[in-house]
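# Breakdown of the fold
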There are 2 protein chains.
Amino acid sequence: MTQKIIKLTVRDIRFPTSLELHGSDAMHTDPDYSVAYVVIETDQGMRGYGLTFTVGRGTEIVVCAVEALSALVVGKSLEEIVSDFRGFYRLLSSDGQMRWIGPEKGVIQLATAAVLNSVWDLWARMEGKPLWKLLVDMEPRKLISCIDFRYITDALTEQEALEILEKAEAGKQQRVDQMLKEGYPAYTTSCAWLGYSDQLLKQLCTDALSEGWTKFKVKVGADLEDDIRRCSLIRQMIGPNNTLMIDANQRWDVGEAITWVTKLAEYKPLWIEEPTCPDDILGHAAISKALAPLGIGVASGEQVRADSLLKFFHQCLSSRLLLMLCMLFLWALQCHNRVMFKQFLQAEALQFIQIDSCRMGSVNENLAVLLMAHKFKVPVCPHAGGVGLCELVQHLILFDYISVSASLDDRMCEFVDHLHEHFISPVVIKNAHYMPPKDPGYSCEMLESSVQRYQYPQGEVWKQFKKQSLKD
Amino acid sequence: MTQKIIKLTVRDIRFPTSLELHGSDAMHTDPDYSVAYVVIETDQGMRGYGLTFTVGRGTEIVVCAVEALSALVVGKSLEEIVSDFRGFYRLLSSDGQMRWIGPEKGVIQLATAAVLNSVWDLWARMEGKPLWKLLVDMEPRKLISCIDFRYITDALTEQEALEILEKAEAGKQQRVDQMLKEGYPAYTTSCAWLGYSDQLLKQLCTDALSEGWTKFKVKVGADLEDDIRRCSLIRQMIGPNNTLMIDANQRWDVGEAITWVTKLAEYKPLWIEEPTCPDDILGHAAISKALAPLGIGVASGEQVRADSLLKFFHQCLSSRLLLMLCMLFLWALQCHNRVMFKQFLQAEALQFIQIDSCRMGSVNENLAVLLMAHKFKVPVCPHAGGVGLCELVQHLILFDYISVSASLDDRMCEFVDHLHEHFISPVVIKNAHYMPPKDPGYSCEMLESSVQRYQYPQGEVWKQFKKQSLKD
């Protein structure tokens, strides 16, 4: 029986997180974590749920973009879509009129992600499987048919992608079993947002350590003295053997990044994330190179970890080897499409790949990036947090391990412990690992009560704020 | 007397150009040329007009984004804004919540352009000058204070920018006089859109030649046989001494671009514009390199022009010199911000810079790009056409010649002869040159009658289409 999509609704859901400075960083100082929340419905009464993450103002613009895209979805059947998913992806990302306001970037790309996430959710539900299992069970050729290779064939051909997937067939079942038993390793960003007091930071670290967390990320970039104090504090709290990462959220120019990070080197961060503009491929490459000499100075005592990393980089340049020894790595977070990731890889501008389930074009584009990362031998460590990003991206990283990389070395998935209570099937973390979701779908269906309460501006929560502010 | 901005309105104006295939190219096959049209109003009754160009569907999303930005504008005085224009630019482009849905790209960047264009228009009107003259008369330090140097200091410092402007002070008045007398050289794209028949193309070429046009651009990329026929036809029409350029509007992958352009080389195009994804800096660099050997083969007979170009590139790599000899050059059109342009320049990935008055962050960001292009010795040849792009960008290229580059060699500004009749002060073309505007402002005020007639969907023109389609 075919499932014809007959309806698409989108709502603007905002959580007033700015009141408690959850999610604050050097560039986003007052975020209200939000989503554009999409529900599609078929003529057989089936539903698919999708979302894209935003941080407050502007969510209404993404909602408007989803509404514009809905004409390309409503009226199509799920079978028609998935029989040529590449074509459908192209239809959405390359509409002859709408691509002008992107293309494949910014608002229209976020909206594309929300819509396609709902389609993938519907597909997985139809098959009665969690999304990661749908992907893991899919024939390599079928997986490849979901990817738009336009603009990336100079880095990865269809044939190469197919070979990667076919090679990883060996041992798949063991990896599935392993994941079901142990879960996928995670790190936490919940302890050290910029707006948190030292006391709160200490308390959260203590709690996290007792829950088994060993990898911690701290936000930096607003004030150097403050960063030094906070990095020192958190390094003291977690001890020398746990992992610390730092994240500047695009705060610096290229030269500034080099100076600043040099001053934080003594706290031995594993990586510096988003040191500068997310569009600056060559800037990231320059920072990589410039930090290399520093590596020689601060590398002693970190050889064990460095050795374990070496196997991933045996083909890379000497400057990169030096960089590894100093335990400073560059990431890119807000990379908006496969073409940007392609170049970051080609330019050796980052040493870890941070995919995002909502900034790029859904599963389709993430598949392309996972395969390119594998070819370039760069480990993938997803970005998560926000609202629903953990719920979504866990599926992609499970697929990466089981069907692409077959490796856990120096791989981990971000975890932030916020707002999971609003989801029907929230993430399950055990001993600092993501446990594979079991419910069918892509895990981003929200409680209808939450959706109604937090809908902006008409939800109860926002109405109360308005009343209060009128009183004040 | 201060001018406090008390109101901002934005309207969705669409022209049904798809009916006649004006503006059709390999990626935008059915464009309805459109604008998000902004009017700001002060408490003293002064108005500023701004717009950003779009191609139909999706304009409503840009309108929504302008509305979101308006809260950052309304309530401010013009004096407050221009006394710290860099700060105001940063306020709009880096709002703590809205930057997430960019940053500085796509819908939110187009909306920023529309809003800032209206502010620059208001400023020029207040000074009683056309915008180009406002800029030309402005102190170098004041000009610099309008630019946000974030993320570009590794390519251009404030001090370097200041020195460029100060050096160009010499001879400024002569260049002003020259422009007033002769105008700025233009080329035409009006003759050869993809959707035009051969007969129409011939007729338009004949007309253009008789009007004094010597430089022609043709759209390619949809079908190779078709491109060969059309390039051959237009080269026949314009003869061997006039200039032909080709534009693929992002149609190809990197390898495909090389193969395809090789087959069009015999028609001696001066450049290939947008061969691939506008985000692909390294791809453009690779195409540049790969086409170089071809240059040796097809270069004979073009030495005169090549010689005139050589002076601009005396410091560049040998592969680039070879490329020049073959008269094939790469451009980038849809470059969305200064950070992308910075990298295209750093990577030597393009040999001409194509600024746009509406895709980047208005005059402020264009100033940064003009100065970087000058430092990297790459000539600027603006993108125009659409609705109002010619009206706007002529001001920027006049400023470039008078106050930055002081050179016309291998520089020209695109011209498309569409939709100028809707503007209060339309461009004036004489003998294939842009004549400097004389009316105060930024030349993008539209006739209120046009605005009302073409407003989407409630304007008369669109209502009639609706009626008609209901009948059909």
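Residues numbered from 1 in each chain as written. Chains lettered and ligands numbered in written order. Predicted model: local features only at pLDDT ≥ 70, side-chain atom pairs only at ≥ 80, totals over all residues. Heavy atoms only, no water.

### Focus on the sheet that holds strand β2 (residues 34-42) of chain A
All names here are of chain A. Strand order in this open sheet of three strands is β1-β2-β3, and the pairing throughout is antiparallel. In the strand order of this sheet, the two ends are held by β1 (5-14) and β3 (47-54), each with one partner. For this sheet the average axis-to-axis angle between neighbouring strands, irrespective of direction, equals 15°. One ladder, built from eight bridges, connects β2 with β3; its direction is antiparallel. What sits directly across from Tyr37, in β3, is Leu51. (Pairing = 2+ DSSP bridges. Helix = DSSP H or I, 4+ residues; strand = E, 2+ residues; numbered from the N terminus. Axes fitted to C-alpha atoms, helices over the stretch in contact; angles between N-to-C directions.)

### Here we look at the relation of the copies chain A and chain B
For the pair of chain copies, the relating transformation is a rotation about an axis with a translation along it. Mapping chain A onto chain B calls for a rotation angle of 180° and an axial translation of 0.0 Å; the resulting RMSD is 0.0 Å. Considering both components of the superposition, the chain copies are consistent with a two-fold axis. When C-alpha distances to the rotation axis are compared across chain A, the minimum falls at Gly106 of chain A, with a value of 2.5 Å. When the interface residues of chain A are mapped onto chain B, 100% of them are again interface residues, pointing to one common binding face. (Least-squares fit on C-alpha atoms with pLDDT ≥ 70 in both. Contact = heavy atoms within 4.5 Å.)

### A short note on the confidence of the model for chain A
Residue-level pLDDT values for chain A average 89, and 90% of them are 70 or greater. Within the model, the stretch residues 295-327 of chain A combines pLDDT values under 50 with 62 contacts to residues more than four positions away or in other chains. (pLDDT = per-residue confidence, 0-100.)

### Topic: the interface of chain A and chain B
Taken together, the contact pairs 60 residues of chain A with 60 residues of chain B. Summing both sides of the interface, chain A and chain B together bury roughly 5200 Å²; the carbon and sulfur share of this comes to 56%. Linking chain A with chain B are six salt bridges. We note a salt bridge from Asp279 of chain A to Lys105 of chain B, for which the minimum N-O separation is 3.1 Å. Seen at the junction of chain A and chain B, the total is 36 residue pairs in polar contact (both at pLDDT 80 or more). Contributing elements (two or more residues each) for the side of chain A that touches chain B: β3, α1 (59-70), α4 (106-127), α12 (281-298) and α15 (338-346) of chain A. The element best represented in the side of chain A that touches chain B is α1 of chain A, accounting for six residues. Classifying every residue of the side of chain A that touches chain B by side-chain character gives 28 nonpolar, 17 polar and 15 charged. (Buried area = accessible area lost by both parts, 1.4 Å probe. Salt bridge = Lys/Arg side-chain N within 4 Å of Asp/Glu carboxyl O. Polar contact = N/O pair within 3.5 Å; in protein donor to acceptor, adjacent residues only side chain to side chain. Nonpolar A, V, L, I, M, F, W, Y, C, P; charged D, E, K, R; others polar.)

### As for the state of the cysteines
Here the structure, examined in full by the defined rule, presents zero disulfides over all chains. Cys335 of chain A provides the cysteine sulfur closest to Cys277 of chain A, a residue in no disulfide bond, and the two sulfurs are 11 Å apart. (Disulfide = S-S within 2.5 Å.)

### Digging into the pattern of salt bridges
Residue and element names in this part refer to chain A. Under the definition given, this model contains 52 salt bridges over all chains. Note that Arg338 is salt-bridged to Glu104, the shortest N-O span being 2.5 Å. Within this pair, whereas Arg338 is found in helix α15, its partner Glu104 is found in the loop between α3 (85-93) and α4, the two being separated by 234 residues in sequence. By the burial criterion, Arg338 is buried, and Glu104 matches it. (Buried < 20%, exposed > 50% of the residue type's maximum accessible area, 1.4 Å probe, protein only.)

### Here we look at unusual backbone geometry
Residues and elements named next belong to chain A. In this chain, Tyr456 is followed by Pro457 through a cis amide linkage whose omega measures 0°. Locating Pro457 in the fold gives a position in the loop between α18 (448-454) and α19 (460-471). In the Ramachandran plot, Asn431 falls in the positive-phi region, its phi being about 50° despite a non-glycine side chain. Residue placement: Asn431 occurs in the loop between β10 (428-430) and β11 (433-435). Given the relative accessible area of 59%, Asn431 is considered exposed.

### Details of the side chain of Glu104 of chain B
Residue and element names in this part refer to chain B. Looking at Glu104, the relative accessible area reads 8%, which means it is buried. At 2.5 Å, the side chain of Glu104 and the side chain of Arg338 are in polar contact. For Glu104, the residues in contact, after removing those within four places along its chain, are Tyr89, Ser93, Gln109, Tyr151, His336, Asn337, Arg338 and Glu365.

### Quick word on helix α9 (residues 198-210) of chain A
All names here are of chain A. Given a rise of 1.5 Å per residue, 13 residues ought to cover 18 Å, and the 18 Å separating the end C-alpha atoms of α9 matches this to within 8%. For α9, the full list of buried residues reads Leu201, Cys205 and Ala208. Relative to the axis of α9, the buried residues are bounded by an arc of 70° and lie together on one face. α9 presents Gln199 and Ser210 as exposed residues on the side facing more than 90 degrees away from its buried surface. Gly212 occupies a position one or two residues after α9 and carries a positive phi of about 100°. (Expected span 1.5 Å × (residues − 1). Arc of directions from axis to C-beta.)

### Let's talk about a negative patch on the surface
Residues and elements named next belong to chain A. A surface patch of negative charge is lined by Asp207, Glu211, Asp417 and Glu421. Note on placement: Glu421 falls in the loop between β9 (413-415) and β10. For Glu421, a relative accessible area of 52% gives the class exposed. (Patch = residues over 30% accessible without salt bridge, like charges linked within 9 Å, V, L, I, M, F, W, Y side chains within 5 Å. Areas by Shrake-Rupley, 256 points an atom, 1.4 Å probe, with all protein chains shown as cover. Lys, Arg positive; Asp, Glu negative; His and termini not counted. Charge placed at Lys NZ, Arg CZ, Asp CG, Glu CD.)

### Topic: the environment of Tyr49 of chain B
All names here are of chain B. For Tyr49, the position within the fold is in strand β3 (residues 47-54). Measuring from C-alpha to C-alpha, the distance between Tyr49 and Pro382 comes to 21 Å, with 333 residues separating the pair along the chain. Residues within four places of Tyr49 in sequence aside, it is in contact with Tyr37, Val38, Val39, Asn117, Ser118, Asp121, Arg125, Cys444 and Glu445. Polar side-chain contacts of Tyr49 include one of 3.4 Å to the side chain of Glu445.

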